[in-house]
Amino acid sequence: FDGGYQWFYEGRNGWWQYDERTSKELENSYKNGDKSVELLIAGFLYIVDFENMLQLRRNDPSRRRQIKRDVSTISKKGVAGIRSH
Ligand code: V3L
């Protein structure tokens, strides 16, 4: 979607792509100009902070990951924890 742009979060030595539903949610909020958005991922609430391009756990902000929006063709570990190689 959107010319092939996708959303990624930081893993160990690489990037994971967000699952499709969450990617769409992120893209909508980003396009809307929101500063942040709240996501429910595997039972935990996370904040995505577009100003600092971070994902943080809402109840433990020390659990933070860098995020990025990039073309879908970049080298990645997989999608939402499912390895692709
Ligand atoms: N989508 C899916 N799972 C997530 C996400 C997300 N946006 N954010 C955190 N988790 P934390 P390596 C990741 C999972 O930040 O080997 C990967 O998807 C997170 O999963 O402390 O380090 C892999 O499954 C972690 O299991 O709240 O690259 C796994 O790490 C858990 O939530 C290992 O990846 C706690 O993350």
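Student: Go over the packing of aromatic side chains, please, and point to the residues and values.
Tutor: Under the counting rule described, the total for this entry stands at 4 aromatic pairs. Between the aromatic rings of Trp-7 and Phe-50, the centroid separation amounts to 5.6 Å while the plane-to-plane angle is 65 degrees, which identifies the pairing as edge-to-face. Within this pair, whereas Trp-7 is found in strand E1 (residues 5–11), its partner Phe-50 is found in the loop between strand E4 (44–49) and strand E5 (54–57), the two being separated by 43 residues in sequence. Given the relative accessible area of 11%, Phe-50 is considered buried. Among the aromatic residues, ring-to-ring pairing joins Trp-7, Tyr-30 and Phe-50 into one connected group. Directly above the ring of Phe-44 sits Arg-57, whose terminal nitrogen or CZ lies 3.8 Å from the centroid.

Reading the values: the criteria
The numbers attached to residues start from 1 for each chain and follow its sequence in the written order. In view of the model being predicted, local features appear only for residues whose pLDDT reaches at least 70, and side-chain atom pairs are presented and counted only at 80 or more, with totals across whole chains, interfaces and linings using the full set of residues. By convention in this description, side-chain values take in all heavy atoms of the structure and omit both hydrogens and water. The aromatic pairing rule takes the rings of Phe, Tyr and Trp, using the six-membered ring of Trp, and pairs them if the centres are within 6.5 Å, calling planes under 30 degrees apart stacked, those over 60 edge-to-face and the rest tilted. Numbering of helices and strands runs from the N terminus, with a helix taken as a DSSP run of H or I at least four residues long and a strand as a DSSP run of E at least two residues long. Summary of the burial criterion: residues with accessible area below 20% of their type's maximum are buried, those above 50% are exposed, and those between are partly exposed, where the area comes from a 1.4 Å probe applied to protein chains only. Consider the ring centre and the ring normal. A charge sits over the ring if Lys NZ or Arg CZ is within 6 Å of that centre and within 35 degrees of that normal.

Keep in mind these values describe shape, not function.
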